[in-house]
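Structural description and commentary
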Amino acid sequence: MYLLQKSLFSFESWLEIESSERLELFFSALDLQLYAVKLESSSPQGSKPINR
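Predicted, not measured: the structure shown is a model, and the values here were computed from it.

**Some points on the confidence of the model for the protein chain**
- A residue-level look at the protein chain finds 98% of positions with pLDDT of 70 or above and a mean pLDDT of 81.
- Across the protein chain, element-level confidence peaks in helix 1 (residues 11-16) with a mean pLDDT of 87 and bottoms out in helix 3 (residues 33-39) with 83.

**Observations concerning the environment of Lys 6**
- With respect to the element layout, Lys 6 can be found in the segment before helix 1.
- What makes Lys 6 exposed here is its relative accessible area of 76%.
- Each C-alpha atom of the pair Lys 6 and Glu 40 lies 30 Å from the other, and the pair is 34 residues apart in sequence.

**Considerations on a nonpolar patch on the surface**
- A cluster of nonpolar residues, Leu 8, Leu 23, Phe 27, Leu 30, Leu 32, Leu 34 and Tyr 35, forms a patch on the protein surface that exposes about 700 Å² of accessible area.
- Mapped by element, the contributors of at least two residues to the nonpolar patch are helix 2 (22-28) and helix 3.
- Tracing the backbone shows Phe 27 in helix 2.

**A closer look at the packing of aromatic side chains**
- Evaluated as defined, the whole model comprises two aromatic pairs.
- Look at Phe 9 and Trp 14: their rings are 5.2 Å apart centre to centre, the planes differ by 35 degrees, and that puts the pair in the tilted class.
- Accessibility expressed as a relative area gives 25% for Trp 14, which makes it partly exposed.
- Taking 5.2 Å as the distance between ring centres and 75 degrees as the angle between the ring planes, the aromatic pair formed by Phe 26 and Phe 27 counts as edge-to-face.
- Residue class for Phe 26 comes out partly exposed when judged on its relative accessible area of 29%.
- Here Phe 27 falls in the partly exposed class, since its relative accessible area comes to 43%.

The rules behind the values
All chains use their own residue numbering, which begins from 1 and follows the written sequence. Note on the predicted model: pLDDT of at least 70 is required for a residue's local features to be given, and 80 or more for side-chain atom pairs to be given and counted; whole-chain, interface and lining totals, by contrast, use all residues. The basis for every side-chain value is the complete set of heavy atoms in the structure, and neither hydrogens nor water enter the calculation. Residue-level confidence of the predictor is what pLDDT reports, using numbers from 0 through 100. Labels follow the DSSP assignment, with helices taken as runs of H or I lasting at least four residues and strands as runs of E lasting at least two, numbered in each case from the N terminus. Partly exposed residues are those whose accessible area sits between 20% and 50% of the maximum for their type, while under 20% is buried and over 50% is exposed, using a 1.4 Å probe and protein chains only. Without a salt bridge and with relative accessible area above 30%, a residue can belong to a patch; like charges are then joined within 9 Å and nonpolar side chains (Val, Leu, Ile, Met, Phe, Trp, Tyr) within 5 Å. Areas reported as accessible are Shrake-Rupley estimates using a 1.4 Å probe. Residue values count occlusion only from the protein chains shown. One speaks of a salt bridge when a side-chain nitrogen belonging to Lys or Arg is within 4 Å of a carboxyl oxygen belonging to Asp or Glu. Here a Phe, Tyr or Trp ring, Trp counted by its six-membered ring, pairs with any other such ring whose centre lies within 6.5 Å, and the pair is stacked when the planes are under 30 degrees apart, edge-to-face when over 60, and tilted otherwise.

What follows is the structure, encoded as structure tokens:
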């Protein structure tokens, strides 16, 4: 069985995009909100301070 996956960009248009803008364009095309919620931490960041 073959699955056809929709491409985000054509190869030609991908090559025409400036290399510094490719990652931003790529990640803006993806919906990562579900994963961002799972990465959020409810605990405070960092280690506890040491009383010397």
